[in-house]
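Survey of secondary and tertiary structure
Take a look at the letters that make up each chain.
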Amino acid sequence: NHALQFRKSFIANHPHKIEVAKQILAARPQAKAITFNGSIAQCQAYGTGVVVHSNNTKKQNEELIKQFSESTGGAVIHSAKMLDEGFNVEAADLAIITGFNSSKHTATQRKGRVSRAYEGKIAEVYWLVLKNTVEDKWWQNANEGVEYYELNEEELQQVLSNPQSIQKTLKVQSKVRHNFSA
């Protein structure tokens, strides 16, 4: 059991995921972004934005979410599990999911944080998945039947430098899955 927990933690908190997530955030400086991570430590590893977590009081987390929601863009909020349910995060348009499991419910909740549609909105959801690991299977279980575009690192860079390259085919709730090798 300890070995399984270690494996899950290693995959969810893989350092390359933070590097790729930072690249996505840097390419979308005006986005209101939410990152969903494997741990509080991983949330803090970004070095930017605010972190909502279970060590904060409910009031502290609510204030951080309110500040994020009221910002005019370029804001980032990081969460390990706090934003999965029970919080309304207004106007977020970018989600980066680095830590997850095979729960369809959790996957739906996380996608839902940015896929609330309104006129002219383009939402981006990036799942950072370690290829050929149990995480790859978790992703498939949690997202069965979901339309997505799978990108390697080179394709991700193309999308980040030219978002119009896929915007014409992406719908508000379409997902982008980024696979990379460790």
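Per chain, the residues get numbers from 1 upward, laid out in the order the sequence is written. Selection of residues for local features in this predicted model requires a pLDDT of at least 70, selection of side-chain atom pairs for listing and counting requires 80 or more, and totals for whole chains, interfaces and linings are taken over all residues. By convention in this description, side-chain values take in all heavy atoms of the structure and omit both hydrogens and water.

**Brief notes about the pairing of strand β3 (residues 76-79)**
Regular strands show a simple pattern: their side chains alternate between the two faces of the sheet. Spelled out, the test is: Under the scheme applied here, a residue whose accessible area is under 20% of the maximum for its type counts as buried, over 50% as exposed, and between as partly exposed, the area being computed with a 1.4 Å probe on protein chains only. Labels follow the DSSP assignment, with helices taken as runs of H or I lasting at least four residues and strands as runs of E lasting at least two, numbered in each case from the N terminus. In short, DSSP must find at least two bridges between two strands for them to pair. Crossover handedness is defined here as right-handed if the route from the first strand over the helix to the second strand goes clockwise, with the strands pointing away from the viewer.
Because side chains alternate across β3, one face comprises the buried residues V76 and H78, and the other comprises I77 and S79, equally buried. Here four bridges tie strand β1 (residues 33-36) to β3, and the two strands are oriented parallel to one another. Paired with A33 across the two strands is V76, which belongs to β3. Where strand β2 (residues 50-52) lies against β3, three bridges are found, and the strand directions are parallel. Bridging across to β3, V50 finds its partner in I77. Where the polypeptide runs from β2 across helix α4 (residues 58-70) and back to β3, its parallel neighbour, the crossover connection is right-handed.

**Considerations on the packing of helix α2 (residues 15-27) against helix α7 (residues 153-161)**
Our working definition: As a rule, the C-alpha atoms of each element are fitted with a line to give its axis, helices using only the stretch in contact, and angles between N-to-C directions run from 0 to 180 degrees. Under this scheme an angle from 65 to 115 degrees is roughly perpendicular, one under 35 degrees roughly parallel, and one over 145 degrees roughly antiparallel; angles in between are oblique. Handedness of each helix crossing follows the sense of rotation of the near helix against the far helix: counterclockwise by less than a right angle gives left-handed, clockwise gives right-handed. Every residue pair with non-hydrogen atoms within 4.5 Å of one another is taken to be in contact. The nonpolar class holds Ala, Val, Leu, Ile, Met, Phe, Trp, Tyr, Cys and Pro. Asp, Glu, Lys and Arg form the charged class, and all remaining residues, Gly among them, are polar.
Taken N-terminus to C-terminus, the directions of α2 and α7 make an angle of 20°; their axes are 10 Å apart at the nearest point. The orientation of α2 relative to α7 falls into the category roughly parallel. You can see that α2 and α7 cross each other, and the crossing is right-handed. Between α2, through H16, V20, Q23, I24 and A27, and α7, the contact on the second element is made entirely by E153, L156, Q157 and L160. Its residues placed into classes, the contact of α2 with α7 shows five nonpolar, three polar and one charged.

**Quick notes on the side chain of H53**
In plain terms, the rule: What qualifies as a polar contact is a pair of N or O atoms within 3.5 Å, subject to a donor-acceptor requirement within protein and to the restriction that residues adjacent in sequence count only when both atoms come from side chains.
Looking at where H53 falls in the secondary structure, it is placed in the loop between β2 and α4. Overall, H53 belongs to the buried group, its relative accessible area being 11%. A distance of 3.1 Å separates the side chain of H53 from the backbone nitrogen of N55, its partner in a polar contact.

**Observations concerning the nonpolar core**
A general tendency of soluble globular proteins is for nonpolar side chains to be buried together. Where we set the bar: To form a nonpolar core, buried Ala, Val, Leu, Ile, Met, Phe, Trp, Tyr and Cys residues must be joined to one another through side-chain atoms within 4.5 Å.
I24, L25, L94, I96, Y126, L128 and L156 are the most contacted members of the largest nonpolar core, which totals 17 residues. Only α2, β4 (94-97), β5 (124-130) and α7 provide two or more residues apiece to this core. Among the elements that line this core, the one with the most residues is α2, at five residues. Counting 15 residues, the second-largest nonpolar core is a separate cluster that includes I34, V52, A92 and V129.

**Side note on the pattern of salt bridges**
Stated formally: Any carboxyl oxygen of Asp or Glu that lies within 4 Å of a side-chain nitrogen of Lys or Arg is treated as forming a salt bridge with it.
What the rule picks out here adds up to one salt bridge. Residues E124 and R28 are paired through a salt bridge, measuring 2.8 Å at the closest nitrogen-oxygen approach. One end of the pair, E124, is in strand β5; the other, R28, is in the loop between α2 and β1, with 96 residues separating them in the sequence. For the pair E124 and R28, a shared accessibility class is recorded, and that class is buried.

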